[in-house]
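Close look at the chain arrangement
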Amino acid sequence: VLYHDDTARDALRALAQKGILSAPVVADEGLLDGLDRLEGGPAQYLGFLSVGDLIGGLCREASRCAGLGAHPSPERWQETLEGPLGERFLERKLITLLGNDGGLVWQGAADTTSLLELCESGGLSAPHGPPGSGGPAHRVAVFDVSGYINAIVSQSDVVRFLHDHQAEMGSLPSKRLSDLGIGFGPVEC
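Predicted, not measured: the structure shown is a model, and the values here were computed from it.

When helices and strands are counted, the protein shows 7 helices and 6 strands. Taking all 189 residues of the protein together, 31% fall into the buried category. Pairs at least 24 residues apart make up 55% of the contacts formed inside the protein by residues separated by at least 6 positions. For the protein, the accessible surface area stands at approximately 12200 Å², while carbon and sulfur atoms represent 56% of it.

Across soluble globular proteins, you tend to see nonpolar side chains buried next to one another. Residues Leu2, Ala11, Leu49, Leu54, Leu94 and Leu97 are the most contacted members of the largest nonpolar core, which totals 15 residues. Only helix H1 (8-18), strand S2 (22-27), helix H2 (51-66) and helix H4 (84-90) provide two or more residues apiece to this core. If we ignore the near neighbours within four places in the chain, the residues touching Leu94 are Leu2, Tyr3, His4, Asp6, Thr7, Ala8, Ala11, Val25, Leu49 and Leu54.

A few words now on the side chain of Thr7. Mapping Thr7 onto the fold places it in the loop between strand S1 (2-3) and H1. Taking relative accessible area as the criterion, Thr7 reaches 7% and is therefore assigned buried. Sequence-distant contacts of Thr7, that is, excluding residues within four places in its chain, are made with Leu90, Glu91, Arg92, Lys93 and Leu94.

With 6 of its 6 residues buried, S2 lies for the most part within the structure. Sheet topology note: the S1/S2 ladder contains 2 bridges and is parallel. Across the sheet, Leu2 pairs through a bridge with Val25, a residue of S2.

Our next topic: the side chain of Asp6. Among the secondary structure elements, Asp6 is positioned in the loop between S1 and H1. The side chain of Asp6 is buried and forms no salt bridge, while Lys93, the nearest opposite charge, is found at 7.4 Å. Not counting residues within four places of it along the chain, the set of residues in contact with Asp6 comprises Arg92, Lys93 and Leu94.

Before going further, it helps to examine the pattern of salt bridges. Under the defined criterion, the tally for this structure stands at 5 salt bridges. Across the pair Glu79 and Arg76 runs a salt bridge whose closest N-O atoms are separated by 3.6 Å. You can see Glu79 and its partner Arg76 sitting in helix H3 (residues 74-82), 3 residues apart, about one turn around the helix. The class of Glu79 is exposed, set by a relative accessible area of 53%. Classification of Arg76 by relative accessible area gives partly exposed; the value is 31%. Taken together, the salt bridges that share partners define one network made up of Arg9, Glu87 and Glu91.

Next up on the list: the environment of Gln155. Mapped onto the secondary structure, Gln155 falls in helix H6 (residues 155-164). When its relative accessible area of 29% is taken as the criterion, Gln155 is described as partly exposed. A sequence separation of 17 residues divides Gln155 from His138, and the C-alpha atoms of the two residues are 5.6 Å apart.

Let us look at H1. Every buried residue of H1 is accounted for by Ala8, Ala11 and Leu15. Here the buried residues of H1 occupy an arc of 60° about the axis, which is enough to place them on one side. Looking at H1, the residues exposed on the side facing more than 90 degrees away from the buried face are Ala16 and Gln17.

Here we come to the sheet that holds S1. Taken in spatial order, the 3 strands line up as S1-S2-S3 in an open sheet, and their pairing is mixed. For this open sheet the edge positions go to S1 and strand S3 (44-50), each flanked by a neighbour on one side alone.

For the protein, per-residue confidence averages 74 on the pLDDT scale, and 68% of positions sit at 70 or higher. Looking over the protein, one finds the lowest element-wise mean pLDDT in strand S4 (residues 102-106), namely 59, and the highest in H1, namely 94. Counting interchain partners and residues more than four positions distant, the pLDDT-below-50 stretch residues 34-40 has 7 contacts. Low pLDDT (under 50) marks residues 126-134, which in the prediction has 13 contacts with non-local residues, meaning those over four places away or in another chain.

About the thresholds
- Residues numbered from 1 in each chain as written.
- Predicted model: local features only at pLDDT ≥ 70, side-chain atom pairs only at ≥ 80, totals over all residues.
- Heavy atoms only, no water.
- Helix = DSSP H or I, 4+ residues; strand = E, 2+ residues; numbered from the N terminus.
- Buried < 20%, exposed > 50% of the residue type's maximum accessible area, 1.4 Å probe, protein only.
- Contact = heavy atoms within 4.5 Å.
- Areas by Shrake-Rupley, 256 points an atom, 1.4 Å probe, with all protein chains shown as cover.
- Core = buried A, V, L, I, M, F, W, Y, C linked by side-chain atoms within 4.5 Å.
- Pairing = 2+ DSSP bridges.
- Lys, Arg positive; Asp, Glu negative; His and termini not counted.
- Salt bridge = Lys/Arg side-chain N within 4 Å of Asp/Glu carboxyl O.
- Arc of directions from axis to C-beta.
- pLDDT = per-residue confidence, 0-100.

Pasting the structure below:
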């Protein structure tokens, strides 16, 4: 878990130490004073932050502030990112950099929610990010009645589960990609 007042530098260090690409961000005590929250309860979930959010934010900041133009050289990028602009970015608070590469599901719904429903209802297929950005959410935080995040289910977890349970899926695992309609169509960048 990362906190709203951690810096981009703190987040990159924490993610690297855990060997993960993203984590939920919560508001630490005090930020939400006066808002409706459980007395003495857990910090408020704000969203997920990924390495991609951080790198994308840094690149957008560099493009906007350094006037890099449409096609800067790798040397110009490096000079910009390693200079004062890059240092200032690393000190930015996470609350100013939040992405939304994740969803939420209440732990109590785990007994009634199927894997397919999780994927279809916003778990791992809902659009996220700025309006018009589209794309799937890559992970879902599972929270309990007090708001405590006690598990995270990622797309990798789903793929691993499906692999481990191939025998229960009949002929589906042996179908060709073309039979499933996967791997064909335009590439979106």
